[in-house]
Amino acid sequence: MHKSDAIVLRVIDFSETSCVVTLLTREFGKITGLAKGARRKKNPFESALDLLAIVRLVFWPKAPRAMDLLTEAKLERRFRAGGKCLRRLYCAYYVAEIVGLLVEHNDPMPSVYDLTEETIRRLDGGCDPDWALFRFEMGLLNLLGHRPQLDACIGCGRPRRGNALWVAFAPIGGGTVCPACRVGQQHVLSVRTETIEFLNRIGQANFETAGELGPDPATVSEAREVLNHYVSHVAGREPRTQRFLKSMRTTQSTTRH
Ligand SMILES: [Zn+2]
């Protein structure tokens, strides 16, 4: 029997009384388990298995290829901001989806757990959701070995020169590419140097300092585009919630004008 802190990433109804739940645990990595009776009124999970909830989980690990059996979950913290702000809720859904897509099953990475938990807590609190997502994505990519190379060319390794206005970014190659190495690279984006430098700084910032980097809205929106492309490439597809967040941004900017 295992016990661990865990975050609920996904819940699917399995039968009239049970559901299948994917969680990120601190000690055992991502797991998917069957919660028998979770849909009954009286159950051992006391309604703790809600999406984005932080719980204290008890489970039995099963043989490879089978599902773990969840036996108990005690609620530590429920995600509440969704009732007040749809945007915060979708940002948090995005965090859960990205972790679900990028993190392997049964590969314990406590630092990934800590980053995810902190991001969800901050999205539930007062942190600017755009900054929280930038910080989270760059942090997660870094921890999983997918940090994009932003200060040198991915082809020849030469440091990027600071005087060019535009930089080529190759999501497939994993970073910026110099004019000589650009030939032959597929799906290359032309990005303003300012935006690449901003993304580079985000990678080194923490949650407190991320909001102080203060670029203009055009840089923030271009950085969002670049990161969306890159995360979709690493994940193997466009995350569903990325599309929702995009349409929310469009609606917001239309309303403002
Ligand atoms: Zn090069």
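Residues numbered from 1 in each chain as written. Predicted model: local features only at pLDDT ≥ 70, side-chain atom pairs only at ≥ 80, totals over all residues. Heavy atoms only, no water.

## Some remarks on the side chain of T176
To keep things clear, this is the line we draw: Secondary structure is summarised from DSSP: a helix means a run of H or I of at least four residues, a strand means a run of E of at least two, and numbering begins at the N terminus for each. Each residue is placed in one exposure class: buried if its accessible area under a 1.4 Å probe, protein chains only, is under 20% of its type's maximum, exposed if it is over 50%, and partly exposed if it falls in between. Residue contacts are defined here by distance: any two heavy atoms, one from each residue, within 4.5 Å place the two residues in contact.
Assignment of secondary structure puts T176 in strand β7 (residues 175-177). Among the residues examined, T176 registers a relative accessible area of 1% and is labelled buried. Setting aside chain neighbours within four positions, we find T176 in contact with Q149, L150, D151, A152, C153, I154, R160, V167, A168, F169 and I196.

## Quick notes on the confidence of the model for the protein
The following threshold applies: pLDDT measures the predictor's confidence residue by residue and takes values from 0 up to 100.
In the predicted model, the protein carries a mean pLDDT of 90, and 95% of its residues have values of at least 70. Mean pLDDT values for the elements of the protein range from 69 in helix α6 (residues 207-210) up to 97 in strand β2 (residues 19-25).

## Describing unusual backbone geometry
The phi dihedral of L52 falls on the positive side, at around 75°, and the residue is not glycine. Take L52: it is sitting in the loop between β3 (29-35) and β4 (54-60). A residue is classified by how much of its surface remains accessible, and L52, at 2% relative accessible area, is buried. Of note, the phi angle at N106 is positive, near 55°, even though the residue is not glycine.

## Quick look at the sheet that holds β2
Rules: Each pair of strands is called paired provided DSSP finds at least two bridges between the two strands. Under this scheme, a helix contributes an axis fitted over its contacting stretch, all axes are lines through C-alpha atoms, and angles between N-to-C directions fall in the 0 to 180 degree range.
Reading around the barrel, the five strands line up as β1-β2-β3-β5-β4 and close back on themselves, with mixed pairing between neighbours. Averaged over all pairs of adjacent strands, the angle between their axes in this sheet comes to 50°, without regard to strand direction. When strand β1 (residues 2-13) meets β2, the two strands line up antiparallel, connected through seven bridges. The partner of V8 across the bridge, within β2, is L23. The strands touched by helix α1 (residues 86-102) are β1, β2 and β3; relative to β1, the strand with the most contacts, the crossing angle is about 105°. On the sheet, helix α2 (residues 110-124) packs against β1, β2, β4 and β5 (68-77) and is oriented at approximately 60° with respect to β1.

## Topic: the pairing of β5
Looking along a regular strand, one sees side chains alternate from face to face of the sheet. Of the strand pairs in this sheet, β3 and β5 are connected by three bridges, and their pairing is parallel. Within β5, the residue paired with A35 across the bridge is L70. Summarising the sheet, β4 and β5 pair through seven bridges and their orientation is antiparallel. Residue pairing for β5: V55 is matched across the bridge by L75.

## Looking at the coordination of the zinc ion
To keep things clear, this is the line we draw: For Na, K and Ca the donor cutoff is 3.2 Å, while for all other metals N, O and S atoms must lie within 2.8 Å; water is not among the atoms, so some sites may look incomplete. Site shape is set this way: if four donors have all angles between 85 and 135 degrees, tetrahedral; if opposite donors are over 155 degrees apart and all others between 65 and 115, square planar for four donors and octahedral for six; otherwise irregular.
Only C153 (SG), C156 (SG), C178 (SG) and C181 (SG) from the protein reach the zinc ion as donors, at distances of 2.3 Å. Each of the four donor atoms around the zinc ion contributes to a set of angles spanning 102 to 113°, which defines the coordination as tetrahedral. Written as a sequence motif, the donor arrangement for the zinc ion is C-x2-C-x21-C-x2-C. With a gap of 28 residues between them, C153 in the loop between α3 (129-143) and β6 (166-170) and C181 in helix α4 (residues 179-182) connect regions that are remote in the sequence.

## Focus on the packing of helix α5 (residues 193-204) against helix α7 (residues 217-235)
The description of two packed helices rests on the angle between their axes and on the distance between the axes. Test applied: Any angle from 65 to 115 degrees is called roughly perpendicular, while one under 35 is roughly parallel, one over 145 is roughly antiparallel, and all others are oblique. Following the grouping adopted for this structure description, the nonpolar residues are Ala, Val, Leu, Ile, Met, Phe, Trp, Tyr, Cys and Pro, the charged ones are Asp, Glu, Lys and Arg, and the polar ones are all others, Gly among them.
α7 packs onto α5 with a crossing angle of 70° between their chain directions and a minimal axis gap of 9 Å. Here α7 runs roughly perpendicular to α5, going by the angle between their axes. Contacts between α5 and α7 involve E194, T195, F198 and L199 from the first element and T219, V220, E222, A223, V226 and L227 from the second. Across the contact of α5 with α7, the residue classes tally to six nonpolar, two polar and two charged.

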